[in-house]
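Next come the chains, spelled out residue by residue.
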Amino acid sequence: MRKPAESLAIIGAGTMGHSIALSAAMDKKPILVKKDILGSVGNRLQYALFREAQYIYEQGAALIEDIDKAVRYSIGRRLPVTGPFMTADMGGLDVFDAISSYLFPDLGTQQESLSTMRSLVDAGSYGQKNGQGFYEWSPEQSQRMDKARERKLIEWLKKDRQTD
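Residues numbered from 1 in each chain as written. Predicted model: local features only at pLDDT ≥ 70, side-chain atom pairs only at ≥ 80, totals over all residues. Heavy atoms only, no water.

Draft legend 1. Just the pattern of salt bridges, in detail. Tallied over the full model, the rule gives four salt bridges. Across the salt bridge formed by arginine 118 and aspartate 122, the nearest N and O atoms sit 3.5 Å from each other. Of this pair, arginine 118 and aspartate 122 are both found in helix α5 (residues 115-122), four residues apart, which corresponds to roughly one turn of the helix. Here arginine 118 falls in the partly exposed class, since its relative accessible area comes to 40%. Residue glutamate 155 pairs with lysine 152 through a salt bridge whose shortest N-O separation is 3.3 Å. In this pair, glutamate 155 and lysine 152 are both assigned in helix α6 (residues 139-162), three residues apart and thus about one turn of the helix distant. A relative accessible area of 42% places lysine 152 in the partly exposed class. Salt bridges here are not isolated pairs; linked through shared partners, they connect Lys152, Glu155 and Lys159. (Salt bridge = Lys/Arg side-chain N within 4 Å of Asp/Glu carboxyl O. Helix = DSSP H or I, 4+ residues; strand = E, 2+ residues; numbered from the N terminus. Buried < 20%, exposed > 50% of the residue type's maximum accessible area, 1.4 Å probe, protein only.)

Draft legend 2. Geometry of the packing of helix α3 (residues 64-91) against helix α4 (residues 93-103). Where α3 meets α4, the closest approach of the two axes is 6 Å, and the angle between their N-to-C directions is 110°. Between α3 and α4, the interaxial angle falls into the category roughly perpendicular. Residues Thr87, Ala88, Asp89 and Gly91 of α3 form the contact with α4, whose participating residues are Leu93, Val95 and Phe96. Here the residues of the contact of α3 with α4 sort into four nonpolar, two polar and one charged. (Axes fitted to C-alpha atoms, helices over the stretch in contact; angles between N-to-C directions. Parallel < 35°, antiparallel > 145°, perpendicular 65-115°, else oblique. Contact = heavy atoms within 4.5 Å. Nonpolar A, V, L, I, M, F, W, Y, C, P; charged D, E, K, R; others polar.)

Draft legend 3. Structural view of the packing of aromatic side chains. One pass over the structure, following the stated rule, counts two aromatic pairs. Between tyrosine 47 and phenylalanine 50 the ring centres are 6.2 Å apart and the planes differ by 90°, which places this aromatic pair in the edge-to-face class. Taken as a pair, tyrosine 47 and phenylalanine 50 lie in helix α2 (residues 41-58) at a separation of three residues, close to a single helical turn. Given a relative accessible area of 27%, phenylalanine 50 falls into the partly exposed group. Summarising the aromatic geometry, the rings of phenylalanine 50 and phenylalanine 134 are spaced 6.3 Å apart at their centres and angled 80° between planes, so their arrangement reads as edge-to-face. Here phenylalanine 50, found in helix α2, pairs with phenylalanine 134, found in the loop between α5 and α6; they are 84 residues apart in sequence, far enough to count as distant. Classification of phenylalanine 134 as partly exposed rests on a relative accessible area of 32%. Put simply, the rings of Tyr47, Phe50 and Phe134 pair up and form one aromatic cluster. Taking the ring centre of tryptophan 156 as reference, the NZ or CZ of lysine 159 above it sits at 5.0 Å. (Phe/Tyr/Trp six-rings, centres within 6.5 Å; stacked < 30°, edge-to-face > 60°. Lys NZ or Arg CZ within 6 Å of the ring centre and 35° of its normal.)

Here you go:
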């Protein structure tokens, strides 16, 4: 079974033109990273979302399952089509500016893992890899979710090839 990174169509190609051309030839979607930063662009965006998800949970605003649903059934469906900047353009920069102005000060700004995840790790609960994390993972659940994720990622790869 492929790992998720192998099923994604994007790679960070740095500033080397031949890397970008090679990546494109491999049906990847290379991006030009103009400055050396810690972590990849995709991982940084993923962890910003994850930090806020943890913060929302720890504030008691929503359950873990409901936070996952909010991503899966709302922004998770928009972002593959438009990305964050195109989403803002389509929604209206005036609207996004107004919402950003009052919402940004209330977003989580933690500089390390929040207490719920830290407690899980300290207790030896590492998630799917050992059967317990934010969710309980039976072997059947693990297999079902791995297959579902793989199927969806392959579906997106096929769609990416058709739209070029």
